[in-house]
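Listed here are the chains, written in short residue letters.
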Amino acid sequence: MPGRKAPVVRPRTTPLETNNRPDEWRIEQGMQGAKLPIIDQSGKETVFIHPVDPPEITKDQAAIDAVGDRKKLFAAERKGWKGYVEWENYPEKKAKAREILHAQTFPPTPDYMTGPIPGTNPVLPGDDFTAWHHAIDGELADAPESSWETVLKEKHKDMLHLLKFPYNGEPPKRLVTSKAITPNPLHFVRNHGGIPIIKKKDFTFTLDGLVANPKTYTLDDIMDESRFPRIEETVTIQCSGTRRIEQIALYPGQGDEVPQAPWAEGAIGTATYRGISLKKLIKDCGGLVNGGKHLEFYGADTYFKDLDVLNYVVSVPWSKVKANEVILAWEMNGEPLPAIHGYPLRVVVMGYIGARSVKWLYRIKAIETPSLAPVQSREYLYFNQQTGKHNQKPTSGIQIQEMPVSSAIMSPWKGHVIIHNGKIHCKGWAYSGGGRWPERIELSSDGGFSWYEVPHEKLSKKGQWTWRTWEIDLPCDVEGWIEIVCRCWDNSLNTQPLTVRSAWNWGLHVTSSAHRIPVYSINKTKQLTRERLAKLEKEGIPLAPISRYEIVHTQSDEEILKFYKEHDPRDADNL
């Protein structure tokens with residue numbers, strides 16, 4: 001028809017043929033390492049070993065039922081004790097629990113070591129430990145749920161829950177060093193099982209093994225000042241996983257969800273504990289006999305290791321106890337121990353890894369050698385860097401006892417943009433174990449080339465068993481990305497290795513390297529920077545984020561042309 005346009009004929013599009021996955025680029029760039037195949041170059045031909053799909057979840061209910069009534073098999077052990085099952089005295093009970101666990105399969109541990117860490121709080125759910133507790137049933141049936149209720153009741157509302165069950169949590173950075181003594185609700189928590197609830201009137205614990213006269217005590221017994229003098233010590237307890245996220249981010253390692261929660265800088269806290277020296281109790285039992293050289297501590301929480309069921313058990317040497325450096329504590333910061341921190345009685349081992357300070361203590365046993373319990377003999381080991389997943393054995397690792405010197409920057413944070421007048425205000429903590437203390441804290445704003453000492457008046461009080469909190473106005477002349485570094489020297493002149501790689505080990509324990517954070521420096525001592533900021537403010541252009549593109553010309557064409565006339569242009573004129 002006249003005036004009518006012919007229809008537009010568009011070519012038919014065909015899908016792009018590709019062998020790539022939609023997330024190919026992320027995989028190639030190492031952002032989803034869990035999906036990468038293992039490359040086997042040990043033979044004549046290269047072989048690619050691809051990750052396998054998770055196994056099918058199975059359950060042999062008949063085999064489980066044949067073990068017996070779980071509510072009776074794993075019933076409450078003592079009146080007034082909830083969530084406690086005695087495993088160590090009953091090998092046959094352990095065997096039955098193992099049968100139950102091996103009669104079914106469970107959801108696999110999520111691979112967050114080489115994949116994205118969830119952006120949730122709680123970060124990790126602990127589905128495997130939850131499923132194991134539910135499978136045993138009996139006194140452990142509601143341990144995950146009741147433990148979470150205790151968390152919500154006793155911990156600060158702003159806690160960062162790294163692992164829901166067993167509970168692992170740390171305070172946010174802004175609150176870690178807000179006080180030199182950590183308030184109870186903000187003290188980090190590293191639990192290995194459910195939280196037992198024990199009534200004081202029903203509580204007893206036993207000291208036995210290689211002592212002359214084994215005895216059983218109530219809490220009132222050891223609180224009797226006519227028998228045992230009370231002591232009060234302010235003690236920093238640090239988890240060996242502190243700052244583990246730095247190792248995970250660069251060089252992943254052991255990925256067991258429970259021992260390897262992605263701790264940041266908050267797995268450390270300082271509190272004042274009241275109790276008695278364990279040495280006095282050993283003396284009350286007539287002393288050690290028959291070669292007793294180590295003290296084994298038993299906690300009422302249930303711990304699972306390789307589908308074996310146990311109580312939480314570790315040990316310390318007699319030399320540590322003999323030096324009056326092991327406390328049996330019933331009070332924390334002037335209050336009875338919170339349930340989540342071990343009420344009614346816990347161990348506090350001064351200057352040692354936090355894992356040795358057993359909570360919900362119900363037994364101390366004098367033995368000849370360090371404990372063979374897995375937490376002591378097969379975990380919390382520091383391996384050589386050449387020892388990886390497949391060439392290690394427990395005895396090739398060093399059992400972690402005294403904590404090394406370490407420090408951390410709490411403010412600013414990694415990736416912060418700082419507007420300043422030549423100095424950046426920084427805050428943080430420093431600590432050294434084994435009875436040593438931070439003597440000097442130094443910071444660098446140029447990656448570790450030049451160092452500035454934190455002024456003495458900006459350090460918290462010095463103590464043999466405690467951290468020191470600090471702050472400093474750190475000189476910085478640079479505009480752009482910088483790396484702030486913090487390191488500590490203790491009173492024995494021990495200091496920190498300068499790189500994460502120097503501290504890496506397959507177990508991802510003790511990230512004791514100098515703490516490094518990249519921040520973007522906007523330096524108002526620079527005239528151009530002042531002028532630029534003023535122009536942005538005048539035109540109402542937002543500053544954040546720093547990578548946001550802004551259409552703001554800082555020089556006119558005439559100014560650029562004038563520069564060309566006064567200075568040679570980019571290219572040399574050879575004509």
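Counting from 1, residues in each chain are numbered in the order their sequence is written. Given that the model is predicted, a residue must reach a pLDDT of at least 70 before its local features are reported, and side-chain atom pairs must reach 80 or more before they are shown or counted; all residues, however, enter totals for whole chains, interfaces and linings. Just so you know, side-chain values use all the structure's heavy atoms and leave hydrogens and water out.

As a further point, take the sheet that holds strand E17 (residues 361–367). Strands were regarded as paired on the criterion that DSSP finds at least two bridges between them. In this text, helices come from DSSP runs of H or I with a minimum length of four residues, and strands from runs of E with a minimum of two, each type numbered from the N-terminal end. Ordered in space as E9-E8-E17-E12-E13, the five strands form an open sheet in which the pairing is mixed. Each edge of the open sheet is held by one strand with a lone partner, namely strand E9 (215–218) and strand E13 (308–317). Strand-to-strand twist in this sheet, taken as the mean axis angle between neighbours without regard to direction, amounts to 25°. With six bridges connecting them, strand E12 (residues 294–305) and E17 associate as antiparallel partners. Across the sheet, Gly-299 pairs through a bridge with Leu-361, a residue of E17. Should any heavy atoms of two residues lie within 4.5 Å, those residues are counted as being in contact. Each axis is a line fitted through C-alpha atoms, taken for helices only over the stretch in contact, and angles between the N-to-C directions span 0 to 180 degrees. Strands in contact with helix H4 (residues 91–102) are E12 and E13; relative to E13, the strand with the most contacts, it is inclined by about 125°. Against the sheet, helix H5 (residues 127–136) engages E12 and E13, with an angle of about 90° to E12.

Let us now look at the domain arrangement of the protein chain. Where each domain begins and ends is defined by an automated method or by a domain database. Structurally, the protein chain comprises domain 1 (1–53), domain 2 (202–383 + 395–399) and domain 3 (406–523). Each of domain 1 and domain 2 has a C-alpha centre, and the two are 53 Å apart.

As a further point, take the pairing of strand E21 (residues 417–420). Three labels apply to residues, based on accessible area from a 1.4 Å probe with only protein chains included: buried if under 20% of the type maximum, exposed if over 50%, partly exposed otherwise in between. Judged by which residues are buried, E21 turns out to be one-sided: Ile-418 and His-420 face inward and are buried, whereas Val-417 and Ile-419, on the alternate face, are not. Where E21 lies against strand E27 (residues 515–523), four bridges are found, and the strand directions are parallel. Note that in E27 the partner of His-420 across the bridge is Asn-523.

Another point: the packing of H5 against helix H6 (residues 143–154). Relative to each other, H5 and H6 sit at 125°, their axes nearing to 9 Å. Viewed along their axes, H5 and H6 adopt a mutual orientation that is oblique. Residue-level contacts link Thr-130, His-133 and His-134 of H5 to Ala-143, Pro-144 and Glu-145 of H6. Within the contact of H5 with H6, the residues separate by chemical class into two nonpolar, three polar and one charged. Any angle between 65 and 115 degrees counts as roughly perpendicular, while under 35 counts as roughly parallel, over 145 as roughly antiparallel, and the rest as oblique. Just so you know the grouping, Ala, Val, Leu, Ile, Met, Phe, Trp, Tyr, Cys and Pro go in nonpolar, Asp, Glu, Lys and Arg go in charged, and all remaining residues, Gly too, go in polar.

This next bit is on the environment of Gln-29. Following the sequence through the fold, Gln-29 ends up in the loop between helix H1 (24–28) and strand E1 (38–40). When the C-alpha atoms of Gln-29 and Asp-224 are compared, they prove to be 64 Å apart, with 195 residues separating the residues in sequence.

The next point concerns the nonpolar core. In terms of nonpolar packing, the biggest core is built from 114 residues, with Phe-205, Ile-222, Leu-278, Leu-281, Phe-297 and Leu-328 touching the most fellow members. Both domains that furnish three or more residues to this core are identified here as domain 2 (202–383 + 395–399) and domain 3 (406–523). Setting aside anything within four residues of it in sequence, one finds Ile-222 in contact with Phe-205, Tyr-217, Phe-228, Ile-276, Leu-281, Trp-330 and Leu-345. We define a nonpolar core as any set of buried Ala, Val, Leu, Ile, Met, Phe, Trp, Tyr and Cys residues linked to one another through side-chain atoms lying within 4.5 Å. Of all hydrophobic cores here, the second largest spans 20 residues; its members include Ile-482, Cys-486, Ile-517 and Val-519.

So, on to the pattern of salt bridges. Within this document, salt bridges are pairs made up of a side-chain nitrogen of Lys or Arg and a carboxyl oxygen of Asp or Glu, the two lying within 4 Å of each other. Throughout the structure, instances matching the rule amount to 32 salt bridges. Asp-23 is the salt-bridge partner of Arg-21, the closest N and O atoms lying 3.1 Å from each other. Classification of Arg-21 as partly exposed rests on a relative accessible area of 41%. On the basis of relative accessible area, Asp-23 is assigned to the buried category, the value being 16%.

Residue placement: Arg-436 occurs in the loop between strand E22 (423–431) and strand E23 (438–444). Here a polar contact is recorded for every N or O atom pair within 3.5 Å, except that within protein the pair must consist of a potential hydrogen donor and a potential acceptor, and residues adjacent in sequence are included only if both atoms are side-chain atoms. Within the structure, Arg-436 has its side chain in polar contact with the side chain of Glu-402 (distance 3.2 Å). Not counting residues up to four positions away in its chain, the partners in contact with Arg-436 are Glu-402, Met-403, Gln-464, Asp-490, Asn-491, Ser-492 and Asn-494.

To continue, consider the sheet that holds strand E25 (residues 468–475). Reading across the sheet, the three strands line up as E20-E22-E25 and stay open at both edges, with antiparallel pairing between neighbours. The outermost strands of the open sheet, each flanked by one partner alone, are strand E20 (406–411) and E25. On average, each strand axis in the sheet is inclined to that of its neighbour by 30°, with strand direction left out of account. In this structure, E20 lies alongside E22, joined through five bridges in antiparallel fashion. Within the sheet, the bridge partner assigned to Ser-406 lies in E22 and is Tyr-431.

Here we come to the packing of aromatic side chains. Ring pairs are drawn from Phe, Tyr and Trp, using the six-membered ring of Trp, whenever the two centres fall within 6.5 Å, and their geometry is named by plane angle: stacked under 30 degrees, edge-to-face over 60, tilted for the rest. With the rule as written, the count across this model stands at 17 aromatic pairs. Taken together, a centroid distance of 5.9 Å and an interplanar angle of 70° make the contact between Tyr-298 and Tyr-362 edge-to-face. With a gap of 64 residues between them, Tyr-298 in strand E12 and Tyr-362 in strand E17 connect regions that are remote in the sequence. The exposure classification of Tyr-298 matches that of Tyr-362, with both residues buried. The structure contains a cluster of three or more aromatic residues connected by ring pairs, namely Trp-81, Tyr-84, Phe-203, Phe-205, Tyr-217, Phe-228, Tyr-298 and Tyr-362. Any Lys NZ or Arg CZ that is within 6 Å of a ring centre and within 35 degrees of that ring's normal is treated as a charge sitting over the ring. The ring centre of Trp-148 lies 5.2 Å from the NZ or CZ of Lys-164, which sits over that ring. We note Arg-487 situated over the ring of Trp-451; from NZ or CZ to the ring centre the distance is 3.9 Å.

What follows concerns H5. H5 sits mainly inside the fold: eight of its 10 residues count as buried. Turning to H5, its buried residues number three or more, namely Asp-128, Phe-129, Thr-130, Ala-131, Trp-132, His-133, Ala-135 and Ile-136. Of the surrounding elements, those touching the buried residues of H5 are helix H3 (70–73), H4, H6, E12 and E13. Positioned one or two residues after H5, Asp-137 has a phi angle of 65°, which is positive.

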